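In case you want the letters, here they are:
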Amino acid sequence: MAGTIVEADNADGIIMRIETKSQKIESLLKQYKHVEALKTALEGSPPKTRDERCKSANWIVVHRAIMAIKDIDGMLIALDVEYYDILMKYLYRGLSTGDRPTCDQCLKIHEKLTERAGLGCILRCLTDTVNTV
């Protein structure tokens, strides 16, 4: 059933899918296809689980793609609008790490994403308590 939450007994399958996604993203980053890597990282996110191992594994993949972005405006132009809300969620997760380079990158993207998507993107991100990253 689509949209249901997967419990810990199925977490290993989710982690295997995330590992496969991670390999694809690394390949795209080596080819300097940063936007495509970010799109791939955001696909299927957040994982439909409450299991923190899955959420952390997926954050690592998304983080890798976010940190590779150099042309933020170009990335937002190329990124489908459907990804804006989930990207915003991951930006807030990045800001919560307290890691200086991660926070700097997340703030840069946050500013440009807010300009492009509007305040509604922030509100949807903050009020969605079901699909947490």
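Starting afresh in each chain, residues are numbered from 1 along the sequence in its written order. Local features in this predicted model are restricted to residues whose pLDDT is 70 or higher, and side-chain atom pairs enter the listing and the counts only when it is 80 or higher, whereas totals over whole chains, interfaces and linings include all residues. Calculated side-chain values reflect all of the structure's heavy atoms, with hydrogen atoms and water omitted.

Heads up, the rule is: UniProt positions are given in the numbering used here, feature names are shortened, and annotations may be inferred rather than shown by experiment.
Under an unreviewed UniProt entry, the protein has the name Actin-related protein 2/3 complex subunit 5 and belongs to Arabis nemorensis. Under the UniProt heading Subunit (unreviewed entry), the entry covering the protein gives this text: "Component of the Arp2/3 complex composed of ARP2, ARP3, ARPC1/p41-ARC, ARPC2/p34-ARC, ARPC3/p21-ARC, ARPC4/p20-ARC and ARPC5/p16-ARC." One UniProt comment on the protein, placed under Sequence similarities (unreviewed entry), says "Belongs to the ARPC5 family."

With respect to helix α3 (residues 52-68)
Here is the rule: Labels follow the DSSP assignment, with helices taken as runs of H or I lasting at least four residues and strands as runs of E lasting at least two, numbered in each case from the N terminus. To estimate how far a helix should extend, the number of its residues minus one is multiplied by 1.5 Å. Think of it in three bands: with a 1.4 Å probe and only protein chains considered, a residue is buried below 20% of the maximum accessible area for its type, exposed above 50%, and partly exposed in between. Contacts were defined at the residue level, with two residues in contact if any of their heavy atoms lie within 4.5 Å. We call two N or O atoms a polar contact when they sit within 3.5 Å, provided that within protein one can donate a hydrogen and the other can accept it, with sequence-adjacent residues counted only if both atoms are side-chain atoms.
Relative to the 24 Å expected for 17 residues at 1.5 Å per residue, α3 spans 24 Å between its end C-alpha atoms, a close match to the ideal helical length. Every buried residue belonging to α3 is among C54, K55, N58, W59, V61, V62, A65, I66 and A68, and all of these are buried. Of the surrounding secondary structure, the elements contacted by the buried residues of α3 are α1 (11-30), α2 (34-42), α5 (84-97) and α6 (100-117). You can read the cap of α3 off the contacts: a side-chain oxygen lies 2.8 Å from the backbone nitrogen of R53, and it is on D51.

Comments concerning the pattern of salt bridges
Once the charged atoms of two side chains with opposite charge are near each other, the side chains can pair. Convention followed: Salt bridges, as used here, are contacts in which a Lys or Arg side-chain nitrogen is within 4 Å of a carboxyl oxygen on Asp or Glu.
All chains considered together, the criterion is met by seven salt bridges. Of the charged contacts in the structure, one is a salt bridge between D73 and K112, with a shortest N-O distance of 3.7 Å. On the criterion of sequence distance, the pair formed by D73 in helix α4 (residues 72-78) and K112 in helix α6 is long-range, its members being 39 residues apart. For D73, a relative accessible area of 41% gives the class partly exposed. Since its relative accessible area comes to 27%, K112 is described here as partly exposed.

Notes on the environment of T132
By the secondary structure assignment, T132 is in the segment after α7 (119-127). Separated by 76 residues in the primary sequence, T132 and S56 place their C-alpha atoms 11 Å from one another. In this view, T132 contacts P46 and K55; residues no more than four positions away in its chain are not counted. In terms of polar contacts, T132 uses its side chain to reach the side chain of K55, at 2.5 Å.

Let's talk about the packing of aromatic side chains
To keep things clear, this is the line we draw: Pairing of aromatic rings covers Phe, Tyr and Trp, the last through its six-membered ring, and needs centres within 6.5 Å; plane angles under 30 degrees mean stacked, over 60 mean edge-to-face, and all others mean tilted.
The tally for this structure, following the rule as stated, stands at one aromatic pair. Measuring from ring centre to ring centre gives 6.2 Å for W59 and Y90, while their planes differ by 10°; the resulting arrangement is stacked. One end of the pair, W59, is in helix α3; the other, Y90, is in helix α5, with 31 residues separating them in the sequence. The residues W59 and Y90 share a single accessibility class, namely buried.

Side note on unusual backbone geometry
We note that Y32 has phi near 60°; this positive angle belongs to a residue other than glycine. With respect to the element layout, Y32 can be found in the loop between α1 and α2. Residue classification places Y32 among the exposed positions, given a relative accessible area of 68%.

Let's talk about a negative patch on the surface
Put simply, the test is: Candidate patch residues must exceed 30% relative accessible area and have no salt bridge, after which like charges are joined if within 9 Å and Val, Leu, Ile, Met, Phe, Trp or Tyr side chains if within 5 Å. For every accessible area listed, the method is Shrake-Rupley and the probe measures 1.4 Å; residues are considered covered only by the protein chains on display. Just so you know, the count uses Lys and Arg for positive and Asp and Glu for negative, and it drops His and the chain ends. To locate a charge, the coordinates of NZ of Lys, CZ of Arg, CG of Asp or CD of Glu are taken.
Taken together, the side chains of E36, E43, D80 and E82 define an acidic patch exposed on the protein surface. For D80, the position within the fold is in the loop between α4 and α5.

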